[in-house]
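Secondary and tertiary structure notes
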Amino acid sequence: MWQELISVLNKIVESYNSLLNLSKQKRAALVTVNVADIERLTKEEEQIVTSIGKLEQIRKKITNQILSDLKVTEIEDSFMDMLSLCDKKNADQLIKVHNELKNVLKEVGSSNKTNETLITQALSVVNYNINVMSQAESTPTYNANPSENVQAKVNKNLFDRLV
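Residues numbered from 1 in each chain as written. Predicted model: local features only at pLDDT ≥ 70, side-chain atom pairs only at ≥ 80, totals over all residues. Heavy atoms only, no water.

This brings us to the overall build of the protein. A count of helices and strands for the protein gives four helices and zero strands. Counting from the amino terminus, the protein carries its helices and strands in the arrangement α-α-α-α. When each of the 163 residues of the protein is scored for burial, the buried share is 25%. (Helix = DSSP H or I, 4+ residues; strand = E, 2+ residues; numbered from the N terminus. Buried < 20%, exposed > 50% of the residue type's maximum accessible area, 1.4 Å probe, protein only.)

Printed below as a string of structure tokens:
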């Protein structure tokens, strides 16, 4: 069972590495404002995240089976608790895959923050442009000289003003 757990954890690490590569590609697409690539990469990310979720469910089942086989009832679902239950050979492999997972998760988190910043900046520019394009030009409705017939001029744009 320990080897199954290690195998699933390795697959999770591989999936997060794939997610990290997609995140880097997405950053390049965001910088160049390549909408088609952004959409494609987002769909691929969704597929990987779904597969990670499935792998995580398998990991939990294997963990529960190991605990059941060892007749352990009181344990937190922490790495150190699980590590204390296995032999040296498997413990070394678990430590290795745990460290790899920690490192890739840190990189994915950092990459996601960078991409989030780029997306926020791009949206700010888009919102600014929409506001500029939709500014209404109008004259005051109050006229100091009532004898003059003043009508409000309004720019007719394709966009409504963004509030």
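Mapped onto the secondary structure, Ser-23 falls in helix 1 (residues 2–32). Its relative accessible area of 1% is what places Ser-23 among the buried residues.

This next bit is on unusual backbone geometry. The phi dihedral of Val-33 is positive, around 55°, even though this residue is not glycine. With respect to the helices, strands and loops of the structure, Val-33 is situated in the loop between helix 1 and helix 2 (35–69). One non-glycine residue, Lys-71, adopts positive backbone phi at about 55°. Here Lys-71 shows up in the loop between helix 2 and helix 3 (79–83). On the basis of relative accessible area, Lys-71 is assigned to the exposed category, the value being 71%.

This part is about the pattern of salt bridges. For the coordinates displayed, the defined rule picks out six salt bridges. Measuring nitrogen to oxygen at the nearest pair gives 3.6 Å for the salt bridge that ties Asp-37 to Arg-40. Taken together, the residues span about one helical turn, with Asp-37 and Arg-40 both in helix 2 at a distance of three residues. The class for Asp-37 is partly exposed, based on a relative accessible area of 26%. (Salt bridge = Lys/Arg side-chain N within 4 Å of Asp/Glu carboxyl O.)

Trp-2, Leu-5, Ile-12, Tyr-16 and Leu-94 are the most contacted members of the largest nonpolar core, which totals 30 residues. Sorting the residues of this core by element identifies helix 1, helix 2, helix 3 and helix 4 (88–133) as the ones contributing at least two each. The element best represented in this core is helix 1, accounting for 13 residues. Residues in contact with Tyr-16, not counting those within four places in the same chain, are Ile-52, Leu-101, Val-104, Leu-105 and Val-108. (Core = buried A, V, L, I, M, F, W, Y, C linked by side-chain atoms within 4.5 Å. Contact = heavy atoms within 4.5 Å.)

With that settled, the discussion passes to helix 4. The terminal C-alpha atoms of helix 4, which comprises 46 residues, lie 67 Å apart, in line with the 68 Å expected from a rise of 1.5 Å per residue. All buried positions along helix 4 are accounted for by Asn-90, Ala-91, Leu-94, Val-97, Leu-101, Val-104, Val-108, Ser-111 and Asn-115. Capping the start of helix 4, Asp-87 holds a side-chain oxygen 3.2 Å from the backbone nitrogen of Lys-89, two or three residues further along. (Expected span 1.5 Å × (residues − 1). Polar contact = N/O pair within 3.5 Å; in protein donor to acceptor, adjacent residues only side chain to side chain.)

Worth remembering: the numbers are spatial, not functional.
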